[in-house]
2 protein chains.
Amino acid sequence: MANPIDFYFDFSSPYGYFASHKIDALAAKYRREVKWRPFLLGVAFKTTGGAPLPSIPVKGPYHLRDILRTAKYLGVTYRHPSVFPISSVSACRAFYWLDAKEPKRAKELARALYGAYFVDNMDISGADSVVSVAAKLGLNADELRAGIGDPATKDRTKTEVDKAIALGAFGSPYIVIDGEPFWGADRLDQIEKWLATGGW
Amino acid sequence: MANPIDFYFDFSSPYGYFASHKIDALAAKYRREVKWRPFLLGVAFKTTGGAPLPSIPVKGPYHLRDILRTAKYLGVTYRHPSVFPISSVSACRAFYWLDAKEPKRAKELARALYGAYFVDNMDISGADSVVSVAAKLGLNADELRAGIGDPATKDRTKTEVDKAIALGAFGSPYIVIDGEPFWGADRLDQIEKWLATGGW
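The structure contained in this document is the topic of the report that follows.

### Some points on the sheet that holds strand β2 (residues 34-38) of chain A
Residue and element names in this part refer to chain A.
Stage number 1. Spatially, four strands are ordered β2-β1-β3-β4 in an open sheet, and the strand pairing comes out mixed. A single partner strand is all that each edge strand has here, and the edge strands are β2 and β4 (180-183). Sheet twist, expressed as the average angle between the axes of neighbouring strands with direction ignored, equals 20°.
Stage number 2. Of the strand pairs in this sheet, strand β1 (residues 5-9) and β2 are connected by five bridges, and their pairing is parallel. From the neighbouring strand, Y8 faces β2, where its bridge partner is R37.

Right, dumping it as structure tokens:
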């Protein structure tokens, strides 16, 4: 089997959410696995001078329109959250805590968190919200709550976020195939061609 | 015939150049005309806080890679210019001077300027370069040189640039179909679907 595809995303990123609906099926078509790697856009912005979309004049309002239009274009259910963007640190820590034990369930949790935020309009910034989403999947609430607060989880999360940024992830989604980086849900077509042809 | 499509672009924008290769054929498929409207990204950046790609850490190097990859993906000949980006004020003024007299030839001049910059690696920032590109198309060099310097041309250019920005053009290309804006050469697929279906 060829190298897995690295899928970097922020839990507060609509375009990351869109890609989360597509990337595994796309990869499977070319017999690839996908390693989900949440990171924190806010930290990346410190390097690039980037800013959350709603804070950018003209470009911000455009993107809200583009997000709603793109969701329909891609056939992905989307409801713009009342609170946007949010801090995704707790979600990120929950992911890496679970990933250390059960990587497959971590991906399942990530999907559930994205759905809670971008479909059910649930503010998932607090640890309690993250835990309640996880509990619905049958994960142990007390264990997860302790895990989110565990210094080892915080360290692992920081390491993963720093690694993502060192690798060049400045936006979400940021998808890397055999060293080739693709930024944006709008690069899925190029990604498909890259997987099919081996690159150009 | 339905409303023309408005195609806003900067002469120094690789993604605008890519779109310039595609937009007329795409529009013609749906019996639409395209109004080419060069504007100045540098002026737009004053509103949005945007910056030329090469000046942005991490994102800048990514985009250079993405530009080269996207050119091949779209099948558009591209050579990254030695001097990038450049001021496109003279090119813009030449366009609007000609557009006032012969709109069809203005489009032809725009294509030639894009080709000079992004294929022949010619720095088109100076009025002399713009005039020499135009002369190859059989345009009168003295008339154009005078036209570029004419206060009426400068006014028209300023008006057009301000209009584009007031309309929301914050990046290049920025394509408007019946009031719906699309930013980026990577929105050509959505544009095609929008034209085919009337929107969603």
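So, next bit.
### So, the packing of aromatic side chains
Stage number 1. Summed over all chains, the structure comprises 52 aromatic pairs over all chains.
Stage number 2. Residues Y17 of chain A and Y78 of chain A carry aromatic rings whose centres are separated by 6.1 Å and whose planes lie at 50° to one another, so their mutual orientation is tilted. Of this pair, Y17 of chain A sits in helix α1 (residues 14-20) while Y78 of chain A sits in the loop between α4 (59-74) and α5 (89-99); the two residues are 61 residues apart in sequence, bridging distant segments of the chain. Across the pair, exposure class does not vary: Y17 of chain A and Y78 of chain A are buried alike.
Stage number 3. Consider the rings of Y62 of chain A and Y174 of chain B, whose centres lie 6.2 Å apart with planes at 55°: the pair is tilted. Here the residue Y62 of chain A occupies a position in helix α4, and Y174 of chain B occupies one in strand β3 (residues 174-177), the pair thus bridging two chains. For the residue pair Y62 of chain A and Y174 of chain B, the accessibility class agrees, reading buried in each case.

### Regarding the relation of the copies chain A and chain B
Applying a rotation about an axis and a shift along it to one chain copy brings it onto the other copy.
Stage number 1. The two copies are related by a screw operation: chain A maps onto chain B through 180° of rotation and 0.0 Å of translation along the axis, at an RMSD of 0.0 Å. On the angle and the small slide along the axis, the relation comes out as a two-fold axis. Relative to the rotation axis, the C-alpha of D186 of chain A is the closest in chain A, positioned 3.2 Å from it.
Stage number 2. Of the interface residues in chain A, 100% have counterparts in chain B that sit at the interface too, so the contact is made through matching surfaces.

### A short note on the interface of chain A and chain B
Stage number 1. Listed by partner, the interface residues are 30 residues for chain A and 30 residues for chain B.
Stage number 2. Taking both partners together, chain A and chain B bury about 2900 Å²; carbon and sulfur atoms supply 56% of that area.
Stage number 3. Contact with chain B buries surface across chain A, with Y62, R69 and Y73 of chain A losing the most and accounting together for 23% of the total.
Stage number 4. Put simply, chain A and chain B have eight salt bridges between them.
Stage number 5. The shortest N-O distance in the salt bridge between R69 of chain B and E180 of chain A comes to 2.8 Å.
Stage number 6. Across the chain A-chain B interface, the total number found is 18 residue pairs in polar contact (both at pLDDT 80 or more).
Stage number 7. Per element, the largest residue contribution to the side of chain A that touches chain B is nine residues, and it comes from α4 of chain A.

### Focus on the sheet that holds strand β2 (residues 34-38) of chain B
Stage number 1. Reading across from one edge, β2-β1-β3-β4 (chain B) is the order of the four strands in this open sheet, with mixed pairing throughout. Looking at strand neighbours, the two that pair on one side only are β2 and β4 (180-183) of chain B, the edges of this open sheet. If you compare each strand with its neighbour and ignore which way they point, the axes differ by 20° on average.
Stage number 2. For β3 of chain B and β4 of chain B, the ladder comprises four bridges, and the chain directions are antiparallel. From the neighbouring strand, I177 of chain B faces β4 of chain B, where its bridge partner is E180 of chain B.
Stage number 3. Lying over the sheet, α4 of chain A contacts β3 and β4 of chain B, oriented at roughly 100° with respect to β4 of chain B.

### Things to note about helix α10 (residues 188-197) of chain A
Stage number 1. Burial in α10 of chain A covers these residues: L188, Q190, I191, W194 and L195 of chain A. Angular distribution of buried residues about the axis of α10 of chain A spans 155°; they occupy a single face of the element.
Stage number 2. The secondary structure elements touched by the buried residues of α10 of chain A are β1, α2 (23-29), β3 (174-177) and β4 of chain A together with α4 (59-74) of chain B.
Stage number 3. Positive backbone phi, at 85°, marks G198 of chain A, one or two positions downstream of α10 of chain A.

Conventions and cut-offs
Here the residue index of a chain counts from 1 through its sequence in written order. By the order in which they are written, chains take letters starting at A while ligands take numbers starting at 1. Reporting in this predicted model follows two pLDDT cut-offs: at least 70 for local features of residues, and 80 or more for side-chain atom pairs to be given and counted; totals over whole chains, interfaces and linings ignore these cut-offs and use all residues. By convention in this description, side-chain values take in all heavy atoms of the structure and omit both hydrogens and water. We call two strands paired when DSSP finds no fewer than two bridges between them. We count a stretch as a helix when DSSP gives it H or I for four or more residues in a row; a strand needs E for two or more, and each element gets its number in order from the N terminus. Axis angles are defined between N-to-C directions and span 0 to 180 degrees, where every axis is a line fitted to C-alpha atoms and, for a helix, only to the segment in contact. Pairing of aromatic rings covers Phe, Tyr and Trp, the last counted by its six-membered ring, and requires centre-to-centre distances within 6.5 Å; plane angles under 30 degrees mean stacked, over 60 mean edge-to-face, and any other angle means tilted. Burial here depends on accessible area, computed with a 1.4 Å probe over protein chains only, as a share of the maximum for the residue type. Under 20% is buried, over 50% is exposed, and the range in between is partly exposed. All copies are superposed by least squares; the fitting set is the C-alpha atoms of residues with a pLDDT of at least 70 in both. In this analysis, two residues are considered to be in contact whenever any of their non-hydrogen atoms come within 4.5 Å of each other. The quantity reported as buried area is the accessible area (1.4 Å probe) lost by two parts once they are put together, taken as the sum for both. For salt bridges, the criterion is a side-chain nitrogen of Lys or Arg within 4 Å of an Asp or Glu carboxyl oxygen. By the criterion applied in these results, polar contacts are pairs of N or O atoms within 3.5 Å in which, for protein atoms, one can donate a hydrogen and the other can accept it, and in which residues neighboring in sequence qualify only through two side-chain atoms. Think of it as the arc spanned by the lines of direction from the helix axis to the C-beta atoms.

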